[in-house]
Amino acid sequence: MELLEQRILKDGVVKAGNVLKVDSFLNHQIDIGLMNEIGKEFKRLFSDIEITKIFTIEASGIAIAAITAQYFGVPLVFAKKSRSINLEGSVYSTRIESFTHKRVYDVIVSKKYLSEDDKVLVIDDFLANGCAADGLIDLIDESGAALQGVGIVIEKGFQDGGRRLREKGIRVESLAIVDSMDDATGEIVFRH
Ligand code: 5GP
C-alpha cells in the first residue's frame, strides 16, 4: 500500500533491536484518515470471503480493527490481556509472549463473543515473530470459529511470523512488508 509505505518512510523511526516506531500515526497518535484508507484496503483484499467478526488484541490493534470492522459491517472483538485467568469457564484463554515488552501475557476472550458460527478475520498492527497472531488463532480454535485470514498493517518480513503462518495455509495479507531496516542509517526497504 503506497500511501502507508510513504508514511513509514516519512515518519517511521528504526530503533535498536529490530523495532520500528510508528508512534506518530499508528501506535500512540493515530492518523484517522490513514486508518480509514487501511480499513478500506483490508475490505478490498478480503472482499471475496465471508466475515462475521473482526478479531484483534488490545491495545494497538483496536483502532485499526474498529475502522476495518466498519467497512465489513461486522462487530469488532478484542482479546484482553488479563492478570488472572478466569476459572469460571466463561472465557477462552491462552498465553502470548510480547515482542516489544519481552513478557508473557495471559490473554482472554469471553465465550459470549466468539462461537463456532463465526467466520473471523484477525487484524493487527505488526507481525514480527507471530506470537500475537498465534495466540489469537488459539482463541479462535478454542471457540470452534473459522479463521478466514489475517490482515496486518506492517509485517517485518525478516522475522519468522509471516512465513510460519503462510506455511500453515493461513491467508495473510500485509499492507507493507519491511524486508530490512537499519537503526544506524534509518534505512527501511520494502518487499514488493
Ligand atoms: P509478534 O507477536 O508477531 O512477535 O509481534 C507482534 C506484536 O508486537 C504486535 O502486536 C506489536 O504490538 C508488537 N510489535 C512487534 N514488532 C514491532 C515493531 O517493530 N514496532 C512496534 N511498534 N510494535 C511491534
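Above this text you will find the structure in question.
Keep in mind that what you see is a predicted model, and the values were worked out from it rather than measured.

1. With respect to the overall build of the chain
Part 1: A tally of helices and strands in the chain yields six helices and ten strands.
Part 2: Expected size for 192 residues packed as a compact globule is a radius of gyration near 16 Å; at 16 Å, the chain falls within 12% of this value.
Part 3: The principal-axis extents of the C-alpha atoms in the chain amount to approximately 50 × 35 × 35 Å.
Part 4: Every one of the 192 residues in the chain was classed for burial, and the buried ones make up 46%.
Part 5: Here the contacts in the chain between residues at least 6 apart in sequence split such that 61% fall between residues at least 24 apart.
Part 6: As displayed, the chain offers around 9500 Å² of accessible surface, 48% of which is attributable to carbon and sulfur atoms.

2. Some words on the site of the ligand
Part 1: Taken together, 16 residues are adjacent to the ligand, and L20, N129, G130, A132 and K156 come closest.
Part 2: In this structure, D124 approaches the ligand through a side-chain N or O atom, which is 3.0 Å from an oxygen atom.
Part 3: Among the secondary structure elements, those contributing two or more residues to the shell around the ligand are β2 (19-21), β7 (119-127) and α5 (131-143).

3. So, the pairing of strand β3 (residues 53-57)
Part 1: For β3, the tally of buried residues reaches five of five residues, placing the bulk of the element in the interior.
Part 2: A two-sided burial pattern is seen for β3, the buried positions comprising K53, F55 and I57 on one face and I54 and T56 on the other.
Part 3: For β3 and β7, the ladder comprises three bridges, and the chain directions are parallel. Paired with F55 across the strands is V122, a residue of β7.
Part 4: After leaving β3, the chain enters helix α4 (residues 61-72) and then returns to the sheet as strand β4 (residues 76-82), a path that is right-handed.

4. Remarks on the sheet that holds strand β5 (residues 91-97)
Part 1: The eight strands lie next to each other as β5-β6-β4-β3-β7-β8-β9-β10, forming an open sheet whose pairing is mixed. Strand pairing shows two members of the sheet lacking a second neighbour, β5 and β10 (188-190), which therefore form its edges. If you compare each strand with its neighbour and ignore which way they point, the axes differ by 30° on average.
Part 2: Bridge analysis of strand β9 (residues 172-181) against β10 gives three bridges, and the strand direction is antiparallel. Pairing of M181 across the sheet is with I188, part of β10.
Part 3: Contacts between helix α1 (residues 2-11) and the sheet are confined to β8 (146-156), β9 and β10, with β10 contributing the most and set at about 170° to the helix.
Part 4: Lying on the sheet, α4 is in contact with β3, β4, β7 and β8; it crosses β3 at an angle near 175°.

5. Quick look at the packing of α1 against helix α3 (residues 32-45)
Part 1: The contact between α1 and α3 brings their axes to 10 Å, and the two run at 140°. On the basis of their axis angle, the class for α1 and α3 is oblique. Two packed elements cross with a definite hand, and for α1 against α3 that hand is left-handed. Between α1 and α3, the residues in contact are L3, L4 and R7 and L34, E37 and I38, respectively.
Part 2: Of the residues belonging to the contact of α1 with α3, the class tally is four nonpolar, no polar and two charged.

6. As for the pairing of strand β6 (residues 104-110)
Part 1: Judged by how many residues are buried, β6 sits mostly within the fold: six of seven residues are covered.
Part 2: As defined by bridge partners, β4 adjoins β6 across three bridges and the pair is classed as antiparallel. Within β6, the position partnered with K80 by the bridge is I108.
Part 3: In this sheet, β6 lies alongside β5 in antiparallel orientation, the contact comprising seven bridges. Paired with R95 across the bridge in β6 is D106.
Part 4: Counting the residues in the hairpin turn of β5 and β6 gives six residues, including K102, whose phi is positive at 50°.

7. Considerations on the environment of T185
Part 1: Secondary-structure assignment places T185 in the loop between β9 and β10.
Part 2: The exposure class assigned to T185 is exposed, which follows from its relative accessible area of 59%.
Part 3: Remark: the alpha-carbon pair of T185 and D141, spanning 44 residues in sequence, is separated by 42 Å.
Part 4: A polar atom in the side chain of T185 sits 3.1 Å from the backbone nitrogen of E187.

The rules we used
- Residues numbered from 1 in each chain as written.
- Predicted model: local features only at pLDDT ≥ 70, side-chain atom pairs only at ≥ 80, totals over all residues.
- Heavy atoms only, no water.
- Helix = DSSP H or I, 4+ residues; strand = E, 2+ residues; numbered from the N terminus.
- Rg over C-alpha atoms; globule rule 2.2 N^0.38 Å.
- Buried < 20%, exposed > 50% of the residue type's maximum accessible area, 1.4 Å probe, protein only.
- Contact = heavy atoms within 4.5 Å.
- Areas by Shrake-Rupley, 256 points an atom, 1.4 Å probe, with all protein chains shown as cover.
- Near = heavy atom within 4 Å.
- Polar contact = N/O pair within 3.5 Å; in protein donor to acceptor, adjacent residues only side chain to side chain.
- Pairing = 2+ DSSP bridges.
- Right-handed = clockwise from strand over helix to strand, strands pointing away.
- Axes fitted to C-alpha atoms, helices over the stretch in contact; angles between N-to-C directions.
- Parallel < 35°, antiparallel > 145°, perpendicular 65-115°, else oblique.
- Left-handed = near helix turned anticlockwise from the far one by under 90°.
- Nonpolar A, V, L, I, M, F, W, Y, C, P; charged D, E, K, R; others polar.

Nothing here speaks to function; it is geometry throughout.
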